[in-house]
Amino acid sequence: MQNFTYQNRTKIIFGKGAEREIGSEVRKYSDKILLLYGGGAVKEYGIYDKVLSSLRESRVEVAELGGVQPNPRLKLVKEGIELCKSENINFVLAVGGGSVIDTAKAISIGVPYEGNVWDFYSSDKLIEETLPIGTVLTIPAAGSESSPGSVITKEEGGYKRVAESERLRPEFSILNPEFTYTLPDYQTASGAADIMSHVMERYFTNEPRVGFTDRLSEATLKTVINNTPKAMEEPENYSVRSQLMWASTVAHNGLLGTGRIEDWASHDIEHELSGMYDITHGAGLAIIFPAWMNYVYQNNVERFAQFAARVWNLDPNYFSLEETAVEGIRKLEEFYRSIDLPTQLKDLEVEITDEDLEEMSEKCTESGPVGNFVELEKEDVLNIYKLAQ
Ligand code: NZQ
Ligand code: ZN
């Protein structure tokens, strides 16, 4: 096990009625805020009204910006930065999913910075100052509600890139599982694939003796596998929705990566897809992750066999080690298909040519190889896209 430092400052306020605490939490930071939201779901389903009511009760003045799209764009980030500067706002409250939260994070980087906020996404430039942000989560998926990352897409060239800093962890996140009852099945399923991927990016490590976090990871995966079909059958089942919501935060709050070298190749490879074709990130991962697994499993068959045995209950005494490993990957694909996710590029409603695959592989590795479980060069990334076809 590797040495590590673990700190996650985000305060999680979880459960029914948690939104009543928004106003008092916000007031600890500011009495004038930017309220940021997406394309309409939060207004349509009454979440917006509840948030506003708590803010009014605490006499918080509000400027609004709506219209954040999935795979959030740089243009709206810049609008938000200008709005905060002109209105003298120093706190951003994101109400929505990863896209809204990541936009809030980008605005929080851009307001105190004189240059172009994209500098932090296109290079390793250190983030030295940010505005504080809070979140009201409406979809368990990205984990941005307590993660140190923000993922933004620059429209020209379809570049989807990540900025990362401990400073980007929200001050607080409000998690009411009832707010997720209205999710379309496709978003529930895509969210599940994203949560599972955040666990698996950490699970597939060559680091020995990480048994404790292996077990925590397996429990998180099993929770998602058991509860996602139930959430699709009974969207208003509080118990099921709450399991998924908490699993999503724990999957990406850093705990499961402690003491291990994490991988992240599948995310890098997927971000090229959702950056260029505007597909749902979790659905993209349902395609890319199994392809990545098939490409790399021989580098550590034991770890893949452990995944198969413990997560998918396969009997390693019945199959050979390698058969067990392969069967585990097949089970994962079968699960994704059972919740109506695509598992191959051809399942998507977009046309992706061989030249496009070439371009994505090039962009994906332009700053060097991706992944740690196995380091992947451009040719490897291209082979993974081809396996996913
Ligand atoms: O468009 P609206 O009307 O706002 O509806 C949204 C959106 O269309 C809808 N939705 C959200 N809550 C709802 C709801 N519909 C009904 N009822 C509700 N309660 O769901 C759609 C997807 O929303 P989005 O915010 O895009 O979802 P998600 O949380 O999956 O976020 C995805 C983004 O996060 C990034 C992804 O790359 C992607 O851009 N990620 C961010 C990470 C981070 N910051 O740490 C890590 C992840 O790996 C990921 O890359
Ligand atoms: Zn993800």
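Conventions we followed
- Residues numbered from 1 in each chain as written.
- Chains lettered and ligands numbered in written order.
- Predicted model: local features only at pLDDT ≥ 70, side-chain atom pairs only at ≥ 80, totals over all residues.
- Heavy atoms only, no water.
- Helix = DSSP H or I, 4+ residues; strand = E, 2+ residues; numbered from the N terminus.
- Buried < 20%, exposed > 50% of the residue type's maximum accessible area, 1.4 Å probe, protein only.
- Lys, Arg positive; Asp, Glu negative; His and termini not counted.
- Salt bridge = Lys/Arg side-chain N within 4 Å of Asp/Glu carboxyl O.
- Contact = heavy atoms within 4.5 Å.
- Core = buried A, V, L, I, M, F, W, Y, C linked by side-chain atoms within 4.5 Å.
- Donors = N, O, S within 2.8 Å, 3.2 Å for Na, K, Ca; no water.
- Near = heavy atom within 4 Å.
- Polar contact = N/O pair within 3.5 Å; in protein donor to acceptor, adjacent residues only side chain to side chain.
- Areas by Shrake-Rupley, 256 points an atom, 1.4 Å probe, with all protein chains shown as cover.
- Nonpolar A, V, L, I, M, F, W, Y, C, P; charged D, E, K, R; others polar.
- Domains from an automatic or database assignment.
- Buried area = accessible area lost by both parts, 1.4 Å probe.

Student: Please clarify how the side chain of aspartate 194 should be interpreted in this entry.
Tutor: Tracing the sequence through the fold places aspartate 194 in helix α7 (residues 185-203). One buried charged residue, aspartate 194, forms no salt bridge at all, with the nearest opposite charge on lysine 160 at 8.4 Å. Beyond its immediate sequence surroundings of up to four residues, aspartate 194 is in contact with Ala141, Ala142, His267, His281, Gly282 and Leu285.

Student: What am I meant to see in the nonpolar core here?
Tutor: In summary, soluble globular proteins display a tendency toward joint burial of nonpolar side chains. The biggest cluster of nonpolar side chains holds 63 residues, and the ones touching the most others in it are Met196, Met200, Phe204, Trp292, Met293, Phe304 and Leu376. Among the elements that take part in this core, helix α11 (residues 281-296) stands out by supplying nine residues, more than any other. Non-local contacts of tryptophan 292, meaning those with residues more than four positions away in its chain, are made with Phe204, Asp263, Ala265, Ser266, Phe304, Phe373, Leu376 and Ile384. Core analysis: the second largest hydrophobic core is formed by 34 residues, Cys84, Ile89, Phe120 and Leu168 among them.

Student: Would you take a moment to explain the environment of phenylalanine 335 for this structure?
Tutor: Secondary-structure assignment places phenylalanine 335 in helix α13 (residues 321-338). According to the relative accessible area criterion, phenylalanine 335 is buried, its value standing at 6%. Put simply, phenylalanine 335 and alanine 193 are 142 residues apart on the chain and 9.8 Å apart in space, counted from C-alpha to C-alpha. Ignoring any residue separated from it by four or fewer positions in sequence, one finds phenylalanine 335 in contact with Met196, Val224, Ile225, Thr228, Pro229 and Trp312.

Student: Explanation requested: unusual backbone geometry in the structure shown.
Tutor: Located in the positive-phi region is arginine 209, a residue other than glycine, with phi close to 55°. Relative to the helices and strands, arginine 209 resides in the loop between α7 and α8 (211-233). The backbone of asparagine 313 sits at a positive phi, close to 55°, despite the residue not being glycine. Examined against the element boundaries, asparagine 313 turns out to sit in the loop between α12 (301-312) and α13.

Student: Could you clarify how one ought to interpret the coordination of the zinc ion (ligand 2) in this entry?
Tutor: Here the zinc ion (ligand 2) is held by the protein donor atoms Asp194 (OD), His198 (NE2), His267 (NE2) and His281 (NE2), which lie 2.0 to 2.2 Å from it. One chain supplies every donor for the zinc ion (ligand 2), spaced along it as D-x3-H-x68-H-x13-H. A residue pair is termed a helical-turn pair when its members lie 3 or 4 positions apart in one helix, as aspartate 194 and histidine 198 do in helix α7 at four residues. Here aspartate 194 falls in the buried class, since its relative accessible area comes to 3%.

Student: What should I look at first to understand the site of ligand 1 in this one?
Tutor: Taken together, 32 residues form the shell around ligand 1, and within it Gly98, Ser99, Asp102, Ser147 and His198 come nearest. Phenylalanine 179 places a polar main-chain atom, nitrogen or oxygen, 2.8 Å from a nitrogen atom of ligand 1. Protein chains shield 89% of the accessible area of ligand 1, which is 970 Å² for the free molecule. Contributions of two or more residues to the shell around ligand 1 are made by α5 (98-110), β6 (149-154), α7 and α10 (265-277). Partitioning the shell around ligand 1 into residue classes produces eleven nonpolar, 18 polar and three charged. There are two domains that each give the shell around ligand 1 at least three residues, and those are domain 1 (11-179) and domain 2 (184-387).

Student: I keep staring at the domain arrangement of the chain and nothing clicks. Help me out?
Tutor: For interface size, the figure often reported is the accessible area lost on association. By the assigned domains, the chain splits into domain 1 (11-179) and domain 2 (184-387). Taking the mean C-alpha position of each, domain 1 and domain 2 sit 26 Å from one another. With 29 residues of domain 1 at the interface, the matching set in domain 2 holds 25 residues. Both faces combined, the contact of domain 1 with domain 2 buries some 2100 Å², and carbon together with sulfur accounts for 56% of it. For domain 1, the biggest contributors to the area lost against domain 2 are Pro140, Lys160 and Pro177; these three give 24% of the whole. The interface formed by domain 1 and domain 2 holds three salt bridges in total. The partner of aspartate 278 in a salt bridge is arginine 73, with the nearest N and O atoms 3.0 Å apart. Across the domain 1-domain 2 interface, the total number found is 13 residue pairs in polar contact (both at pLDDT 80 or more).

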